[in-house]
Amino acid sequence: MALPPKVFDRTLIAEHLSRRPTEPDDFVTQLALDDLASRLITVSRDFEQALIMSPDGSRLPLMGRSASGAFAFERISTVLGSPNAPLVDPEALLLPRQGYDLIVSLFDLQVINDVPGFLARIRAHLRPDGLLIAAALGGDSLTELRQAFLRADAETSGGAFARVAPFIPLADAGGLLQRSGYALPVTDLETYPIRYGDLLRLMRELKGLGAQNPLADRPGRMATKALLAAASAAYADLAGDPDGRVRATLEIIWMSGWAPHESQQKPLRPGSATVRLKDVLGKA
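No experiment lies behind these values; they were computed from the predicted model shown.

Asker: Could you give an account of the sheet that holds strand β7 (residues 246-258), naming the residues involved and the relevant values?
Answerer: Judged by pairing direction, the sheet is mixed, and its seven strands sit side by side in the order β2-β3-β1-β4-β5-β7-β6 without closing on themselves. Across the chains shown, the open sheet's two edge strands, defined by having one partner strand only, are β2 (63-66) and β6 (183-196). Across the sheet, the mean angle separating the axes of adjacent strands is 20 degrees when strand polarity is ignored. Relative to strand β4 (residues 100-106), strand β1 (residues 50-54) runs parallel, the two sharing four bridges. Within β4, the position partnered with Met-53 by the bridge is Ser-105.

What follows is the structure, given as C-alpha cells:
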C-alpha cells in the first residue's frame, strides 16, 4: 500500500511551537474552544470517557460540559508533548484506550498527511455511537497571504513557491467523514475577518502562534527584503482598507460524525419511497 505524500513537516512544526512565548495570545485556539463549548452544551449525552487533542495539547481544557453535565477530558498532543498532554503520533494514533464516548480534535488536520486514515483511526477508538468533533482551518483561510506571495514571487524571481499551507475546502469535509466510515456526518463553517496594521504584523502573529510555513516542500532560501516588500505591496493592493490596515480571512470548519450503531437513523433504500415528488409539488 502506497504511503500518502508527505505534505507537512511535523518536526519543523514542533520547533515552531516550542519557540513561542510562554503565554502567547493564541486567539485562534480560543475562538475554537469557545465555539466547542457552545456546541457541546447542546449535546444530550453523558461522556464517561472523553478525549481532546491538538498539536499542542498542553493548552487544552481539562473539563467540558454538555447538556447532561460536566465531564473530564483526557488530553494528548499530536506534535508537541508535555507532562499533561503526552505526545501521540497522529499517523499511527495509538490512544490510551478504546471505547471513547467523545473525541475532539482541534486543528490536528493541519499537520496530518493522511487525513482519511487519521479520521478512520479516531473512529476505531470510539465506542459504537461515539461522537467525533473536529475543527480544521478552512480552504479560504489566509487566502490574501497566499495570493500576495504568489504575486511577489512571480515579480521578484519569476517563479511560484508554496509559502502557505493548503487548507480543507468545506465542500470536501463531509466526504472525508463518509470516506472514513462515520454515520450522520455534519459540517459547517465559521468565518472571521481579522485586520492588521500591515503584512509584517500578520506574519509576526503567525510566528508567535508557531504557524510559520509547515510544508515539507518549502522554499529552501529565506525570504529577501525585496520579496517581503513586493508581498507587502501586493497584500495592500489585494486586501487593503482606506485606513491603511489590511484584512485577513480566517475560516474554521467544524466536522462531526458518529461511530456507526444499529440504533442510528438509516437512509431509505432507493425506490422505497411511498410518496412521489410530483404528488407533493402538484402537477406541472
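Asker: Please set out the environment of Asp-89 residue by residue, giving values where relevant.
Answerer: Tracing the chain through its elements places Asp-89 in the loop between β3 (69-77) and β4. By relative accessible area, Asp-89 is classed as partly exposed at 41%. As a C-alpha pair, Asp-89 and Arg-10 span 79 residues in sequence and 10.0 Å in three-dimensional space.

Asker: If you had to explain helix α2 (residues 27-40) to someone new, which residues and values would you point to?
Answerer: In this model α2 runs 20 Å from its N-terminal to its C-terminal C-alpha over 14 residues, within 8% of the 20 Å that 1.5 Å per residue would give. Every buried residue of α2 is accounted for by Val-28, Thr-29, Ala-32, Leu-33, Asp-35, Leu-36 and Leu-40.

Asker: Tell me about the packing of helix α3 (residues 115-124) against helix α5 (residues 170-179), and name the residues and values.
Answerer: Orientation of α3 relative to α5, taken along the N-to-C sense of each, is 55 degrees, at an axis distance of 8 Å. Taken together, the axes of α3 and α5 are oblique relative to one another. As for how α3 packs across α5, the hand of that crossing is right-handed. Of α5, the residues touching α3 (which contributes Val-115, Pro-116 and Leu-119) are Leu-176, Leu-177 and Arg-179. When the residues that make up the contact of α3 with α5 are grouped by side-chain class, the tally is five nonpolar, no polar and one charged.

Asker: Got a sec to walk through the pattern of salt bridges? Specific residues and values, please.
Answerer: Counting across every chain of the model gives 12 salt bridges. The partner of Asp-188 in a salt bridge is Arg-39, and the shortest N-O contact between them spans 2.7 Å. In this pair, Asp-188 sits in strand β6 while Arg-39 sits in helix α2, placing the two residues 149 residues apart along the sequence. The class for Asp-188 is partly exposed, based on a relative accessible area of 26%. Note that Asp-129 and Arg-45 form a salt bridge whose closest N and O atoms lie 2.9 Å from each other. Of this pair, Asp-129 sits in strand β5 (residues 126-137) while Arg-45 sits in the loop between α2 and β1, and the two are 84 residues apart along the sequence. Here the residues in one salt-bridge network are Asp-35, Arg-39, Asp-188 and Glu-190, joined through shared partners.

Asker: Outline unusual backbone geometry, listing residues and values.
Answerer: Residues other than glycine seldom take positive phi values, yet Leu-93 does so here, at roughly 50 degrees. Tracing the backbone through its elements, the reader meets Leu-93 in the loop between β3 and β4. You will see that Leu-142, though not glycine, has its phi angle at about 55 degrees, which is positive. By the secondary structure assignment, Leu-142 is in the loop between β5 and α4 (143-157).

Asker: Can you explain the nonpolar core? Please cite residues and give values.
Answerer: One finds Leu-102, Leu-106, Leu-145, Leu-202 and Tyr-235 to be the most contacted residues of the largest nonpolar core, which totals 45 residues. Excluding anything up to four places from it in sequence, Tyr-235 contacts Glu-144, Leu-145, Ala-148, Leu-199, Leu-202, Gly-240, Val-246, Arg-247 and Ala-248. In terms of nonpolar packing, the next biggest core, distinct from the first, is built from 31 residues, Ile-13, Val-79, Leu-176 and Tyr-182 among them.

Asker: So what's going on with the environment of Glu-74? Which residues, and what values?
Answerer: Here Glu-74 shows up in strand β3. Note on Glu-74: relative accessible area 18%, which makes it buried. For the pair Glu-74 and Ala-50, spaced 24 residues apart in sequence, the C-alpha separation works out to 6.3 Å. In contact with Glu-74, other than residues within four places in its own chain, are Gln-49, Ala-50, Leu-51, Ile-52, Pro-96, Arg-97 and Tyr-100.

Asker: Please set out the packing of α4 against helix α7 (residues 225-239) residue by residue, giving values where relevant.
Answerer: At a minimum axis separation of 8 Å, α4 and α7 run at an interaxial angle of 130 degrees. Between α4 and α7, the angle falls in the class oblique. Crossing geometry of α4 relative to α7 is assigned as right-handed. Here α4 contributes Glu-144, Leu-145, Gln-147, Ala-148, Phe-149, Arg-151, Ala-152, Asp-153, Glu-155 and Thr-156 to the contact with α7, which in turn contributes Ala-226, Leu-227, Leu-228, Ala-230, Ala-231, Ala-234, Tyr-235, Asp-237, Leu-238 and Ala-239. Along the lines of polarity and charge, the residues of the contact of α4 with α7 split into 13 nonpolar, two polar and five charged.

Criteria and cut-off values
- Residues numbered from 1 in each chain as written.
- Predicted model: local features only at pLDDT ≥ 70, side-chain atom pairs only at ≥ 80, totals over all residues.
- Heavy atoms only, no water.
- Pairing = 2+ DSSP bridges.
- Helix = DSSP H or I, 4+ residues; strand = E, 2+ residues; numbered from the N terminus.
- Axes fitted to C-alpha atoms, helices over the stretch in contact; angles between N-to-C directions.
- Buried < 20%, exposed > 50% of the residue type's maximum accessible area, 1.4 Å probe, protein only.
- Expected span 1.5 Å × (residues − 1).
- Parallel < 35°, antiparallel > 145°, perpendicular 65-115°, else oblique.
- Left-handed = near helix turned anticlockwise from the far one by under 90°.
- Contact = heavy atoms within 4.5 Å.
- Nonpolar A, V, L, I, M, F, W, Y, C, P; charged D, E, K, R; others polar.
- Salt bridge = Lys/Arg side-chain N within 4 Å of Asp/Glu carboxyl O.
- Core = buried A, V, L, I, M, F, W, Y, C linked by side-chain atoms within 4.5 Å.

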